[in-house]
Amino acid sequence: MEKYISLDRGIFIRKMTADDVAAGQRLVFQAGWNQRGSDWVRMMDMDPNTCFVVEINHKVVATIVATVFQSVAWISMVLVDKDSRGQGIGKLMFQYVLDQLNLIGVSTIRLDATGMGIALYQKFGFVEEYRLVRYRRQMSIGEHAVASPSSLTELTALNIPAIMTLDRIATDTDRQSLIRQWIEDSSVQVFGNYADKVGNPIKLNGFVLARPGNSAWQLGPCIALDNVHALDLLNKVLATLSEEALILDLPASNQQAVQWALAHGFEEERQFARMFLGRKIREDMSLIYASSGPEKG
């Protein structure tokens with residue numbers, strides 16, 4: 001049995017286990033989020049010591065996850081049952097996770113905040129970096145598929161070093177554990193472009209990932225060296241998943257990606273504020289055409 005830590009009178013936090021996935025999904029559905037049970041399992045596999053649930057009277061009423069990439073950590077899945085709000089649970093568990101990350105020497109903590117969360121995170125010293133806009137495209141059966149260059153290919157474990165190199169250049173974060181899980185998950189689509197303008201094989205020019213969710217496939221990350229390769233990759237995913245509902249989170253500053261989304265039937269759904277605490281990392285925003293999603297950065 002996992003050790004219980006008291007946050008306040010009658011409020012306890014402990015590490016999440018596989019037995020808690022159903023409780024986590026209940027909160028996901030309550031909030032209208034897109035994560036599936038497999039996403040909880042993936043996060044626990046990556047770092048079982050930083051996935052937590054909060055209990056009151058032996059019932060899970062909240063969750064919070066920190067995914068650690070060496071010196072950089074992402075906080076996500078901050079969910080509180082609607083019937084348990086107003087008791088300070090979010091603030092208590094957030095402070096607990098910050099303390100745990102400080103103990104292991106994390107220098108940068110990041111998150112994507114919903115409108116409801118921005119004020120809370122600012123109280124802890126988080127600073128807004130930029131905005132992300134979520135776009136959704138409903139299922140469109142029978143739509144003509146977008147042609148994709150033959151140079152695009154489905155990526156495998158053999159491509160992990162190349163993906164890691166490009167991902168690290170763009171995000172200033174070593175996300176090897178996440179990339180490996182993506183590649184090894186048979187439900188995830190991963191495509192890349194290795195060819196130059198005349199079709200000759202060279203270094204990886206870009207990659208894009210898509211994974212299934214509760215209500216739609218999540219597109220992202222999409223990281224590429226230029227607009228041409230990025231839009232080719234997004235078109236490839238659109239053609240592959242043309243009969244599926246799709247969502248993607250785009251940096252508001254990337255107008256090429258935004259215009260592509262609007263031209264292909266995506267509509268704005270909501271916004272996130274990407275925030276950080278500690279050392280500011282040096283992302284290359286010119287390479288990021290879609291985020292991985294709020295729980296992965």
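Refer to the preceding data block for the structure.
Residues numbered from 1 in each chain as written. Predicted model: local features only at pLDDT ≥ 70, side-chain atom pairs only at ≥ 80, totals over all residues. Heavy atoms only, no water.

A. Seen up close, unusual backbone geometry. The linkage connecting glycine 220 with the following residue, proline 221, adopts the cis geometry, with an omega of 5°. Among the secondary structure elements, proline 221 is positioned in strand β11 (residues 217-224). Despite not being glycine, asparagine 57 shows a phi value in the positive range, around 55°. By the element assignment, asparagine 57 lies in the loop between β3 (51-56) and β4 (59-69). Asparagine 57 sits in the exposed class, given a relative accessible area of 69%. The phi angle at aspartate 172 is positive, at roughly 55°, despite the residue not being glycine. Among the secondary structure elements, aspartate 172 is positioned in the loop between α5 (160-171) and α6 (176-184). (Helix = DSSP H or I, 4+ residues; strand = E, 2+ residues; numbered from the N terminus. Buried < 20%, exposed > 50% of the residue type's maximum accessible area, 1.4 Å probe, protein only.)

B. The pairing of strand β1 (residues 5-8), seen in detail. Across 3 bridges, β1 lies against strand β2 (residues 11-15) in antiparallel orientation. Looking across to β2, one finds that aspartate 8 is bridged to isoleucine 11. Joining the antiparallel neighbours β1 and β2 is a turn of 2 residues, in which glycine 10 adopts a positive phi near 80°. (Pairing = 2+ DSSP bridges.)

C. Main features of the pairing of strand β6 (residues 108-113). Here β6 lies mainly inside the structure; 6 of its 6 residues are buried. In β6, alternate side chains face the same way, and those of Thr108, Arg110 and Asp112 on one face and Ile109, Leu111 and Ala113 on the other are all buried. When strand β5 (residues 72-80) meets β6, the two strands line up parallel, connected through 3 bridges. Note on β6: the bridge partner recorded for valine 72 is threonine 108. Assessed by its sense of winding, the connection that carries the chain from β5 through helix α3 (residues 89-103) to β6 is right-handed. Judged from the 6 bridges that link them, β6 and strand β13 (residues 267-278) form a sheet pairing that is antiparallel. Residue pairing for β13: threonine 108 is matched across the bridge by glycine 278. (Right-handed = clockwise from strand over helix to strand, strands pointing away.)

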